[in-house]
Every structure is written in structure tokens, then in C-alpha cells.
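# Architecture at a glance
Here is how the chains run, residue by residue.
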Amino acid sequence: MELKTTTLDPLINLTRKENGNKDLTDFANHVTAGLSHTPKKLSSRYFYDGPGSALFQQIMELPEYYPTRCEYEVITENKSAIAAHLASEGFFHLIDLGAGDALKTKILLKELQERRAAFEYLPVDISEDAMQQLSSSLEKEIPGLNHQAVVGDYNDSLEWLQQNKSGRKVILFLGSNIGNFEHEESLGFLRKIRSHLEPGDSLLMGIDLRKDPDTILRAYNDFAGVTAAFNLNLLHRINRELGGNFDVNGFIHYPIYNPQEGVMRSYLVSKQEQDVYIQATGRSFHFNAWEAIHTESSYKYTLPQIQAMVEASGFTLETIFQDKEGCFADVIFHAV
Ligand code: AVJ
């Protein structure tokens, strides 16, 4: 009998596996549905192609975009307590949903490695570029780390992990990515995560908290216009991948914060009446002057809201970590 090798493929791509043009077809169907809907909408999940991921990297370095810096502080200040919680019970799979550049996770990875914790790091992201860059940077920065990057959406990746990785799991869901879900969707998503876990497995979730509305609005309306370019890239992507003829200069980025709902919503607003033909959808779409496409929601939470939401999904709250200013929370939950 042959010995099972422990070497992991550095990258698994779930979006390519014999699904041909399925992703493009999905994108085209999504665009057709969203631009025929009243009011018009497109999902922020399509922001993250190569150029979009690069723009998001720039956003994280903007002076106005506080969430990354606040979460960096939470993780840095509490790294040993967090690592102790995660590594309390022997070998585990550390699954990083929406890992991106994993800037904050790397602090924990180094801490876990120093403690000689037994674990395998599995970053998951829909951006293949981001996962390729992460794989090679991990090799340089954290030699000896057992890791395998997974390219795929949250659902496909969770299924894949269920089938391919058994044993204790710790899910990281950092960067306030949960904020992109509407409230019902976030409950559904947390329940989905829970359904892939066993009692005693853990979830570490990073969430942006409610604060001064001006601070929030500025983070999504930066002076240099990087967030505008990030939002408008969605139209460039439709032009590139689906053969659209959007005149991107005919649209403006418009973000607005609702302090009662605690939600930042971003729109692309058409400056004039126009028709846009999109080859892959086989049709054109009409825009009235000042008609808007809703492209992103980023929900901000209160601590009681977070606790209620996650406990309604089959978890119990373990510990809340926060930065000094109460800007951002990273919360550990246990599956029950
Ligand atoms: C990556 C979803 C957390 O909502 O703050 C940043 C994305 N959009 N600026 C966020 C984003 C505009 C970001 N998340």
C-alpha cells in the first residue's frame, strides 16, 4: 500500500473544473436579471476581478478607510489570546473565507506557528489573482506553513471543504465581509456555515461597528476617488467580459449611509438617458437620466445585534475583542 502524501496542492480552483463557461454564463444571467429589475441592481460579489481586487488593495490603504486599520489593531493587540482560543484542542483546519491578501490573518498565522500549533491554513477567495499572490507570499513570509488556497465562492468552497477536509474546523470570516449581506441573507449564510461544522468548532468573525455617520460615509467616498474607480470597475468588467458598451464616464459613484438601518449603500448613477448593449446577454438596457444601479450594501452592526444574529444560527458567543475606540469587533463563537 502506498503512503498518502501530505504535500498539498498550493491552489485548488473550483471555478474552472470542467464547468466551461459556467461562470461567464452566471455573470451574464446575473447582469440581465439585475438590469431588468426595478430598481436596477448588481451584486458586489462581481467587484473582485483582477483590477477590482487591486483597487480594493488600494482602498485598504486609504486614510479614510478605517475598517482595515481598526481590525489590524484588534488582531495585533489580541493575537496571543485569539491564538490560544483557536489552538486550544489539537489539530484544526483554519478556513479563511474571503481571505484576499490575508494581511490580518498573517498576524495570527505567525502567532500560531510560534506556539507550534498543529493546523492547516485554507484561504478561500473568488479572486484567483489574489489566491495566487497569497500562496507565493505565504511561502516567503511564513515558511513551513501548511497551506492550500481555494478559488471559489463561499458555497462551493464550503461544499468542497466538507468533502475533502475532516476534523476540527475554525472558520475565519474577517474584514466585515458579512456586511455585504442583507440581514436575512447573513442569517442564512451563518446557518450554512454552521451546517458544515461540528459542535465545538469555532468561528472568528470581524465586523464593522456603528459609529459617526460622517466617518462611515467618508470611508466609502474617499478624496482620491479610489472607491469610485472600484465601483465603476463593475461596468468596465461587464464591457471586458460580456462585450458591453457602457460609456463608463456617463456614470457617477454615489454612496449614502442610512444611520437607522446602519447601512452604507453604494450606487452607480447614469448622468444621462442612455442605452447600453451587452453582447453576452443579447440585449440592450435603457437608463433614464439619473437612474441608479444599487451595487453594494455594507451593513454596520451593534454588539447586541451581532450576538443575536450569530446565536440565532446555532453558535454561542465566546469572546468579543475590540479596538480602543470601539470601531471594529472580532468575535469568537463556538458551534453548539
Ligand atoms: C470587503 C466588503 C468589507 O464593504 O467595506 C470597500 C468592500 N466597498 N469599499 C466593505 C468595500 C467599498 C468592503 N468589504
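All values derive from a computational prediction rather than experimental measurement.

Surveying the vicinity of the ligand reveals 13 residues, the closest of which are Tyr65, Gly175, Tyr220, Glu296 and Ser298. Note that an oxygen atom of the ligand is positioned 2.5 Å from one of the side-chain N or O atoms of tyrosine 65. A distance of 2.6 Å separates an oxygen atom of the ligand from a polar atom in the side chain of serine 298. Listed by contribution, the elements that provide at least two residues to the shell around the ligand are helix H2 (50–60), helix H10 (226–242) and strand E12 (292–299).

Moving on, we come to the environment of glycine 52. By the element assignment, glycine 52 lies in helix H2. For glycine 52, a relative accessible area of 0% corresponds to the buried category. C-alpha separation for the pair glycine 52 and asparagine 231, spaced 179 residues apart in sequence, amounts to 8.5 Å. Apart from residues lying up to four places away in sequence, glycine 52 is in contact with Phe47, Phe230 and Asn233.

Here the focus is the sheet that holds strand E13 (residues 315–322). One open sheet accounts for eight strands, arranged E1-E5-E4-E3-E6-E7-E14-E13; its pairing is mixed. Each edge of the open sheet carries a strand with a single partner, namely strand E1 (11–13) and E13. In this sheet, adjacent strand axes meet at a mean angle of 20 degrees when their direction is disregarded. Relative to strand E5 (residues 149–151), strand E4 (residues 119–125) runs parallel, the two sharing two bridges. Residue pairing in the sheet places valine 124 in a bridge with valine 150 of E5.

For the rest of this paragraph, the subject is the packing of aromatic side chains. Scanning all chains against the criterion turns up 18 aromatic pairs. Here tyrosine 48 and phenylalanine 230 contribute two aromatic rings whose centre-to-centre distance is 5.6 Å and whose plane-to-plane angle is 65 degrees, an arrangement assigned as edge-to-face. Of this pair, tyrosine 48 sits in the loop between strand E2 (40–41) and H2 while phenylalanine 230 sits in helix H10; the two residues are 182 residues apart in sequence, bridging distant segments of the chain. Pairing phenylalanine 56 with phenylalanine 230 gives two aromatic rings, centres 6.0 Å apart and planes at 35 degrees, and the pair type is tilted. With phenylalanine 56 in helix H2 and phenylalanine 230 in helix H10, the pair connects residues that are 174 residues apart, well separated along the chain. Here phenylalanine 230 falls in the buried class, since its relative accessible area comes to 4%. Cluster of aromatic residues (ring-pair linked, three or more members): Phe47, Tyr48, Phe56, Tyr65, Tyr220 and Phe230. Taking NZ or CZ as reference, lysine 40 lies 4.9 Å from the ring centre of phenylalanine 287, over its face. Sitting over the face of the ring of phenylalanine 27, arginine 237 holds its NZ or CZ atom 5.0 Å from the ring centroid.

The rules we used
Residues numbered from 1 in each chain as written. Predicted model: local features only at pLDDT ≥ 70, side-chain atom pairs only at ≥ 80, totals over all residues. Heavy atoms only, no water. Near = heavy atom within 4 Å. Polar contact = N/O pair within 3.5 Å; in protein donor to acceptor, adjacent residues only side chain to side chain. Helix = DSSP H or I, 4+ residues; strand = E, 2+ residues; numbered from the N terminus. Buried < 20%, exposed > 50% of the residue type's maximum accessible area, 1.4 Å probe, protein only. Contact = heavy atoms within 4.5 Å. Pairing = 2+ DSSP bridges. Axes fitted to C-alpha atoms, helices over the stretch in contact; angles between N-to-C directions. Phe/Tyr/Trp six-rings, centres within 6.5 Å; stacked < 30°, edge-to-face > 60°. Lys NZ or Arg CZ within 6 Å of the ring centre and 35° of its normal.

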